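For reference, the chains in residue letters:
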Amino acid sequence: MKEKEKIKLSDYKAYPYEINNIFLDISIYEKYVKVVSEYIIKRKNNYKEPLVFIGIGIEIESIEIEERSLLRGDYRIVNNNLIIDTQEFNSFKLKIISTINPYTNKSLEGLYESNNILTTQCEAEGFRRIIFHPDRPDVLSKYKVRIEADWRKYPTLLSNGNRISAKRLIEDTSRHEVIWEDPYPKPSYLFAMVAGNLTCKNDFYFTKSARKISLGIYVEPGDEEYTLHALNSLKKAMKWDEDVYGFEYDLDLYNIVAIRHFNMGAMENKGLNIFNSKLVLADSKIATDYELERVESVIAHEYFHNWTGNRITCRDWFQLSLKEGLTVYRDQSFTADLHSLAIKRIEDVSFLRSHQFLEDSGPTSHAVKPNEYSSIDNFYTTTIYEKGAEIIRMLFILLGRECFISGVKNYARKFDGLAATTEDFISALIDGAIKSGHKTNFDISQFQLWYYQSGTPSVSIDREWDSKKGLLKLIMRQNNNNLIKKPMVIPIQVSVVSQRFPVRESLLILDKEEKVFEITGLEKNREKPVMSYFRDFSAPVKWNSDLTDDELFYLVEKDTNPFARWDSIQSLFKKVLLFRSSDKPNKKLEEDLIDLLDRIISKESSRDLNFLTTLLTLPSISDLELTQDRIDPLSLYNSYYSFSELMGQSLSSRLFNLLPICYKGSFSDWPNGVGERKLIALIWKLLISSGNKDIRLEVLQATQGKSMTLSLSALNSLLPVCCVERDQAMHNFFCRWKDNPIILDTWFRLEASLPRENAIEITEKLLKHSLFDPLAPNSIRSILGGFVKNTKAFHSLDGKGYQFIAEQILLVDTSNPITASRLVKVFSRWRNYIEPNSHNMLKSIEFLSQKDLSANTREVVSNILT
């Protein structure tokens, strides 16, 4: 398939018709679904052109305008566009009777079947597979929906909004109907319906104005016991949004449905969220601490969309980060408020660097607000979400908490019920901040370059110290790899950190290519002050400075900012690991670093164990790849594990002494005991890496425990070591969880990631396993994603690992282009690898390029080869 025609931001034109109301009458039958669509339409500004709707896979039975039936010659269908001449009407009622077949729809878009449940996914362009419609986000309508089906097969019938009525049909007692109505206008991508045999876990929430909201989580029978965590998370999110932003929920019902076959993590459909089952079903027995927090975060994210995404939506898909970046920032803040601000910030930055920075460094790099796209599905990326959230965070830093929140409230008041742009948001934000008494000290137009310029900016910082005057000059320079000429607005939180100087935190704004800042009033006739830069990661940039290794050691121990401490030790880890990967280990630096780790354990073990674990954790191999000009994946892998071995051997007595303390606190229910369990996982990993065989039996026994966190931590610690205990642990885990498809996906991932000679052969067998579900995106990602993480197999010098993944992507593309187009990005940085890896990657990409690919995958492959 050829790449689709580019859609350009500069070509945007408002849709020439208003569709104020839509009534859908949906009748579900055994082999098809009948949809009667009634639209109330008004022409804008005497627009004279025909009405154009889009529809895919829809059979039209009849069309009426103002109750007059149209003949086949009164309308035409061209390239899935339904074109109707409506010149004689300014306002009119359109009725279309059509049929669709969700049972053969394997796209996981529109209306489709999953485990005998009919469900929808309409974002971004799935609604056109249900009815003919403009299917664009700037067309907002109020929806009323009647669903009719056989009550024995589909006892649960759900849609958006409030339930108006439900009854058994008199003329056919085997069938029933439910009518839903959403009183708020919404775009078509937020339409949702579900029909199936589901059970519901109910609860309620009282809003700040004392309104009682009915909450429901719908799951397949037998999964009800795993919904309590999701319900509690939802109530926490509802209260947080009221407390922080004053946003109250607006409907009488809030429903969530868990679906196995779902491409996304979750979907914020108004009043009827549809979730990937993995992000709903969770307790400490079947989910890890990380997964429990992830469920809480995603539940909150989708709820927060009610105001930042639903009540106010995007004018067009170029504004996608308007709703996603803002809402990611809100869910990050929610998690930080509930748990640990420091740990959450470190986790978010670590993810951003290892994923979004990676994306920004290759040919699939794009702006947060791109100028054009072929397939919008390819832009649901970490750039839109995580980098978009960092843009919002910078506005928070620049404006301050009170003014920022006032600005967001002003945005909600001004654009409620409308489709907006990023410019609208920033304008309303600044206006609201000004009304709160804030004076902006940055150029707003220049700041918006963050939306339009791709790539990760780099900042360099040098110090000039005049000890006689006590004057420190900071010379800062910015660039973006020569891709742009316009400098960005970069907020930089800095502090002087020294035993003799008090900590002084300042916010500096770098808005020129080069700028000099002066810090005065420092103690004279002393050594050059040690500086802490980008505290709390105040801007999504890479930076380097003239700080020495000794000064980094000093910051790790003396800085008061947790992120800055972590970032300093990460810099030291990276130096050590890169020296090792080049076969030139820096023994002195390694010894000093081990001594530092020993001191950290001694000082921090009586404080925050979660933060201690974070300080002791090595950077990921993905992080390390960003530091090499020519990536040598096998040398980085060997460097990572050889230094882990050294850490385990050198710190073994300290680590063993910590275990009893950690075990004692590890039995507490989440969120308590997280630090203890996290440290146990790291200790096991380091001790096993060190070659200690005695710990293996203890770890093997833990795989059978009640805590999923400790069970998986034990498995992960055994993964790199070929031993009897690893094989037994994997066997035990499979036997225990083979009947739970969500947890079985974890087993598939681990099996595919095991380092062994016949990894491709084993992975091929996994793809043919009787319990593998080839239609479930989670299962596909588990096996293929696990193999990609299997460094020695995927990056084998003969290129067989690359070719294997390319062939699997080709197979996935025939049924799920969205998943395939995301998987193919593993090849995006092929130019950055050493030989023969680079050449072998290119061969595999060219292999894909020569095949008949979906438009989604074709666009990504073309970008990679450009």
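Cut-offs and rules
- Residues numbered from 1 in each chain as written.
- Predicted model: local features only at pLDDT ≥ 70, side-chain atom pairs only at ≥ 80, totals over all residues.
- Heavy atoms only, no water.
- Helix = DSSP H or I, 4+ residues; strand = E, 2+ residues; numbered from the N terminus.
- Rg over C-alpha atoms; globule rule 2.2 N^0.38 Å.
- Buried < 20%, exposed > 50% of the residue type's maximum accessible area, 1.4 Å probe, protein only.
- Contact = heavy atoms within 4.5 Å.
- Areas by Shrake-Rupley, 256 points an atom, 1.4 Å probe, with all protein chains shown as cover.
- Lys, Arg positive; Asp, Glu negative; His and termini not counted.
- Charge placed at Lys NZ, Arg CZ, Asp CG, Glu CD.
- Salt bridge = Lys/Arg side-chain N within 4 Å of Asp/Glu carboxyl O.
- Phe/Tyr/Trp six-rings, centres within 6.5 Å; stacked < 30°, edge-to-face > 60°.
- Lys NZ or Arg CZ within 6 Å of the ring centre and 35° of its normal.
- Pairing = 2+ DSSP bridges.
- Axes fitted to C-alpha atoms, helices over the stretch in contact; angles between N-to-C directions.
- Patch = residues over 30% accessible without salt bridge, like charges linked within 9 Å, V, L, I, M, F, W, Y side chains within 5 Å.
- Parallel < 35°, antiparallel > 145°, perpendicular 65-115°, else oblique.
- Left-handed = near helix turned anticlockwise from the far one by under 90°.
- Nonpolar A, V, L, I, M, F, W, Y, C, P; charged D, E, K, R; others polar.
- Core = buried A, V, L, I, M, F, W, Y, C linked by side-chain atoms within 4.5 Å.
- Expected span 1.5 Å × (residues − 1).

Visitor: Sorry, what's going on with the overall build of the protein chain here?
Guide: In terms of regular secondary structure, the protein chain is built from 28 helices and 31 strands. Against the 2.2 N^0.38 benchmark of 29 Å for 866 residues, the protein chain shows a C-alpha radius of gyration of 28 Å, consistent with a compact globule. In the protein chain, which comprises 866 residues, the share counted as buried stands at 60%. A fraction of 71% describes how many contacts in the protein chain between residues 6 or more apart in sequence connect residues 24 or more apart. As displayed, the protein chain has an accessible area near 34600 Å², and 48% of this comes from carbon and sulfur atoms. Distance from the positive charge centre (112 side chains) to the negative charge centre (116 side chains) of the protein chain: 2 Å.

Visitor: For this particular structure, what's the right way to read helix α10 (residues 549-558)?
Guide: Along α10, the residues classified as buried are Glu 551, Leu 552, Phe 553, Tyr 554, Leu 555 and Val 556. Looking at the buried positions of α10, the neighbouring elements they touch are β25 (458-466), β27 (490-497), β30 (530-532), α11 (562-581) and α12 (587-604).

Visitor: Is there a simple way to explain the pattern of salt bridges in this structure?
Guide: Between side chains of opposite charge, pairing is possible as soon as their charged atoms come close. Inspection of every chain in the model, using the stated rule, returns 55 salt bridges. One salt bridge in this structure joins Lys 186 and Asp 182, with 3.0 Å as the shortest N-O distance. In this structure, Lys 186 and Asp 182 share a single accessibility class: buried. Three or more residues joined by partner-sharing salt bridges are found here, namely Asp 25, Arg 146, Glu 148, Lys 167, Arg 175 and Glu 177.

Visitor: Would you take a moment to explain the packing of aromatic side chains for this structure?
Guide: How two aromatic rings sit relative to each other is set out by the distance from centre to centre and by the angle between their planes. Applying the stated rule across the entire model yields 46 aromatic pairs. Taking the centre distance of 5.0 Å and the plane angle of 85° together, the rings of Phe 794 and Tyr 802 count as edge-to-face. The pair formed by Phe 794 and Tyr 802 is uniform in burial state, with each residue classed as buried. By the ring-pair criterion, three or more aromatic residues cluster together here, those being Trp 240, Tyr 245, Phe 247, Tyr 249, Tyr 254, Tyr 303, Phe 304, Trp 307 and Phe 334. The residue whose ring lies beneath Lys 270 is Tyr 184, and the NZ or CZ to ring-centre distance is 4.8 Å. In this structure, Arg 315 packs its charged tip against the face of Tyr 12, placed 3.8 Å from the ring centre.

Visitor: Is there a simple way to think about the environment of Ser 713 in this case?
Guide: Its location among the elements puts Ser 713 in helix α19 (residues 708-718). Spatially, the C-alpha atom of Ser 713 lies 8.4 Å from that of Lys 678, the residues being 35 residues apart in sequence. Leaving out residues up to four positions away in the same chain, Ser 713 has contacts with Ala 681 and Trp 684.

Visitor: Sorry, what's going on with the sheet that holds strand β29 (residues 514-519) here?
Guide: Within a beta sheet, neighbouring strands are joined by backbone hydrogen bonds and run either parallel or antiparallel to one another. With respect to topology, four strands assemble into an open sheet ordered β29-β26-β25-β31, the strand pairing being mixed. A strand with exactly one partner marks an edge of an open sheet, and here the two such strands are β29 and β31 (542-545). Averaged over all pairs of adjacent strands, the angle between strand axes in this sheet comes to 20°, irrespective of strand direction. Relative to strand β26 (residues 471-479), β25 is paired through nine bridges, and the arrangement is antiparallel. Across the sheet, residue Val 459 finds its bridge partner in β26, namely Gln 478.

Visitor: Where do I start with a positive patch on the surface in this structure?
Guide: Residues Lys 208, Lys 409, Arg 413, Lys 414 and Lys 435 make up a contiguous surface patch of positive charge. Among the elements that line the positive patch, the one with the most residues is helix α6 (residues 401-415), at three residues. Tracing the chain through its elements places Lys 435 in helix α7 (residues 422-435).

Visitor: How should I be thinking about the packing of helix α13 (residues 609-616) against helix α17 (residues 674-689) in this particular structure?
Guide: If you want to describe how two helices pack, look at the angle between their axes and the distance between the axes. Running from amino to carboxyl end, α13 crosses α17 at an angle of 30°, the nearest separation of the two axes being 7 Å. The angle between α13 and α17 places the two elements in the roughly parallel class. For the pair α13 and α17, the crossing hand works out as left-handed. Contacts between α13 and α17 involve Leu 609, Asn 610, Leu 612, Thr 613, Thr 614 and Leu 616 from the former and Val 674, Gly 675, Glu 676, Lys 678, Leu 679 and Leu 682 from the latter. Its residues assigned to classes, the contact of α13 with α17 shows six nonpolar, four polar and two charged.

Visitor: What is the right way to read the sheet that holds strand β8 (residues 81-84) from this model?
Guide: As summarised here, the arrangement of the three strands in space is β4-β8-β7, forming an open sheet in which the pairing is antiparallel. The open sheet terminates on both sides in strands that have one partner only, identified here as β4 (51-54) and β7 (75-78). Averaged over all adjacent pairs, the angle separating strand axes in this sheet is 20°, with direction ignored. In terms of strand pairing, β4 meets β8 through four bridges, oriented antiparallel. Each bridged residue has a counterpart across the sheet, and for Phe 53 the counterpart in β8 is Leu 82.

Visitor: How should I be thinking about the nonpolar core in this particular structure?
Guide: Generally speaking, a soluble globular protein has its nonpolar side chains buried in company with each other. Counting 278 residues, the largest nonpolar core has Ile 28, Leu 94 and Phe 827 as its most contacted members. Each residue touching Phe 827, except ones within four places of it in the same chain, is listed here: Phe 794, Tyr 802, Ile 805, Ala 806, Ile 809, Met 841, Ser 844, Ile 845, Leu 848 and Ile 864.

Visitor: What is the right way to read unusual backbone geometry from this model?
Guide: Backbone phi values are negative for most residues with the exception of glycine, while trans is the configuration of most peptide bonds. The omega torsion across Trp 670 and Pro 671 is 10°, close enough to zero to call that bond cis. In this structure, Pro 671 sits in the loop between α16 (652-665) and α17. Unlike most non-glycine residues, Glu 66 shows phi in positive territory, near 50°. One can find Glu 66 in the loop between β5 (59-65) and β6 (68-69).

Visitor: Looking at this structure, I do not really get helix α5 (residues 382-399). What am I missing?
Guide: One turn of an α-helix holds 3.6 residues; hence residues three or four places apart share an orientation. The first and last C-alpha atoms of α5 sit 25 Å apart over 18 residues, in line with the 26 Å expected at 1.5 Å per residue. A large share of α5 lies buried, amounting to 17 of its 18 residues. Once α5 ends, the next one or two residues include Gly 400, with phi positive near 90°.

Visitor: What should I look at first to understand the packing of helix α18 (residues 694-702) against α19 in this one?
Guide: At a minimum axis distance of 8 Å, the contact between α18 and α19 shows a crossing angle of 140°. For the element pair α18 / α19, the angle class is oblique. For the pair α18 and α19, the sense of crossing is left-handed. Residues Arg 696, Val 699 and Ala 702 of α18 form the contact with α19, whose participating residues are Leu 710, Ser 711, Ala 714, Ser 717 and Leu 718.

Visitor: How should the side chain of Glu 125 be read in this particular structure?
Guide: When you line up the elements, Glu 125 lands in the loop between β11 (117-121) and β12 (141-150). Those residues in contact with Glu 125, other than ones at most four positions away along the chain, are Lys 4, Asp 135 and Ile 376.

Visitor: How should the environment of Phe 442 be read in this particular structure?
Guide: Within the fold, Phe 442 resides in the loop between α7 and α8 (444-447). Separated by 90 residues in sequence, Phe 442 and Leu 352 place their C-alpha atoms 25 Å apart. Apart from the residues within four sequence positions on either side, Phe 442 is in contact with Leu 395, Leu 398, Leu 399, Ile 430, Phe 447, Val 489 and Ile 509.

Visitor: What exactly am I supposed to notice about the environment of Pro 720 here?
Guide: Turning to its location among the elements, Pro 720 is positioned in the loop between α19 and α20 (724-737). As for Pro 720 and Asn 586, which are separated by 134 residues in sequence, their C-alpha atoms are 25 Å apart. For Pro 720, the residues in contact, after removing those within four places along its chain, are Tyr 641, Arg 726 and Pro 755.

Visitor: I'm lost on the pairing of strand β15 (residues 175-186) in this one. Help?
Guide: Remember that side chains alternate between the two faces of the sheet whenever the strand is regular. Inspection of the sheet shows β12 paired to β15 by nine bridges, in the antiparallel sense. Bridge pairing in β15 links Arg 146 to Ile 179. As judged from the six bridges shared by strand β14 (residues 162-168) and β15, these two strands associate in the antiparallel manner. The residue of β15 that forms the bridge with Arg 168 is His 176. Where β14 folds back onto β15 in an antiparallel hairpin, the turn is made up of six residues.

Visitor: Where do I start with the side chain of Arg 330 in this structure?
Guide: Looking at where Arg 330 falls in the secondary structure, it is placed in helix α3 (residues 320-338). With a relative accessible area of 0%, Arg 330 lands in the buried category. Residues within four places of Arg 330 in sequence aside, it is in contact with Trp 240, Asp 241, Tyr 245, Phe 247, Phe 304 and Thr 308.

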